[in-house]
Amino acid sequence: MAVRSTRRRGYPEGLGGELAAEFLGTLVLLLLGCGSVAVAVVGLPGSGRQVAAFGPANWLIISWGWGLAVVFGVYVAGGISGAHINPAVTLAFAVRRTFPWRKVLPYWGAQLLGAFTGAALVYATYRWAIDAFNFKAGTGREQSLSTFSIFATFPAEYFGNSWWGPLLDQIVGTAVLLLLICALIDTKNLAPGSNLGPFLTGLVVFAIGLTFGTNAGYAINPARDFGPRLFTFFEGWGSIALPGSFQWFSHYWWIPIIGPLIGGIVGSQIYDRVIAPVIRARGGPTEEGRVPARDAPPSPSSPAAPARPSAPHSTEPPVKQPPTGP
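Residues numbered from 1 in each chain as written. Predicted model: local features only at pLDDT ≥ 70, side-chain atom pairs only at ≥ 80, totals over all residues. Heavy atoms only, no water.

*Asks:* In this structure, what is going on with empty space enclosed by the protein? I would like to understand it.
*Replies:* Left-over empty space is what a probe sized like a water molecule reveals as it rolls over the atoms. Per the stated rule, a full pass over the model turns up one cavity of 30 Å³ or more. Space inside the largest cavity adds up to approximately 150 Å³. What lines the largest cavity is a set of 14 residues, among which Leu29, Val70, Val205, Ile220 and Asn221 lie closest to the centre. Those elements that provide at least two residues to the lining of the largest cavity are helix 2 (58–81) and helix 7 (197–216). Looking at side-chain class alone, the lining of the largest cavity contains 10 nonpolar, three polar and one charged residues. (1 Å grid on protein atoms, 1.4 Å probe; cavity = no way out; pocket = protein on both sides within 12 Å on 5 of 7 lines; lining within 4 Å. Points joined across faces, edges and corners; volume = space filled by probe spheres on them. Helix = DSSP H or I, 4+ residues; strand = E, 2+ residues; numbered from the N terminus. Nonpolar A, V, L, I, M, F, W, Y, C, P; charged D, E, K, R; others polar.)

Put into C-alpha cells, the structure is as follows:
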C-alpha cells in the first residue's frame, strides 16, 4: 500500500526480503487487531478493570484497534514490499498489472503465515482470560462463539443460514477498501504526502468497521480470517472454525476468502475504469485559452533568463522536456 523506498537494514534483498516484510506486517496486523477484540471480549470483563459493561461502545475498541493495526502493519512493511498484508490487495494489484503474477502465491503464503503467527501470539497472551470466560459461561471452546470471534469472523444472526448476504457484504466491503487504496496511492490524484498514506489507509478500515462491520465481522482480508481460523481449529474450537458451522450458519469458512478476492478486483477496476481515465484525460491536451505553465511568460517579479543562442552544429544533446502526461 505504501510507496517502495530504499532497502531497510535487517531485510534481505529481493523476494526474500519482501516476503519477510509481508510476514511481519501481517503479523503486526493480527497481533494488534485480534488483541483489540480480546480486550473487548475477555480482557476488560474478566480483568476487574471494567466497572460496567460498555455495550455497543466495545465496537469502537474493535474498530479503532483494527484501524490502528493496519496503520502500523503498513509502516512495518511498506518500504520493502508495498505492505499488501492482504491477499485481496495482492490479487487486485496483479490484475491491474502493477504487480507481477509470479509473486502472488509467495505473498499469499507469507501473509497467511504471518496471520497464523499473530493469532497464536494473541492466544498465548490471552488464554487465561479465554479459559476464565468460558468457565464462567459454562461452555467449552467448541461451543464458544464469543471467544472464537477474537480470532476469526462469522455472519450476523439475521442472515440465517444464507450465504449470499455475507458474501455480498465481503464483496462490497473489500471493494470499498481497494477503491480507496487505489485513490490514496495515485500520485496523479490527491495522494497524501509526508508518509500519511498508512494513517489514511487505517482510517479506511476504521470506517468500514463502523459502517459494515456488524454484518460479518468485516474480514475484508482472506489471510486475516483464514490464518486465525486455522489456528483456532487446532486449538479446540472445532467445527466453529472449520468448516465454520454454528447454530445459524454452516460451512462459512470460504466466504471470507472468496468474497474479499472478488471485491478487491471489483473495487480496483472501478477506480481504474472510472477515475483513472478522467485523470489521464486531464493530463492530456491543454484546454483552449489556457497557457501551459512551461510556456507562460516570466512573472514581473523575476527576471527572464537570457535567451540561449542557437547552435545548429552543437554536439550537445537536446534538453529533454519533462513528461506532461502519464
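Next, the rest of the story.
*Asks:* Just checking my understanding: could you explain the side chain of Thr147 for this structure?
*Replies:* Residue position: Thr147 is located in helix 5 (residues 145–148). Its relative accessible area of 0% is what places Thr147 among the buried residues. Every residue in contact with Thr147, bar those within four places of it in the chain, is listed here: Val42, Ile130, Phe133, Asn134 and Trp237. (Buried < 20%, exposed > 50% of the residue type's maximum accessible area, 1.4 Å probe, protein only. Contact = heavy atoms within 4.5 Å.)

*Asks:* Just to check I follow, could you spell out the layout of surface pockets for this structure?
*Replies:* In this structure, the largest pocket spans a volume of roughly 490 Å³. Around the largest pocket sit 26 residues that line it, and Val37, Trp59, Ile62, Ser149 and Phe154 are the ones nearest its centre. Residue assignment for the lining of the largest pocket shows that the elements contributing at least two residues are helix 1 (14–47), helix 2, helix 5 and helix 7. Residues of the lining of the largest pocket, tallied by class, amount to 15 nonpolar, nine polar and two charged.

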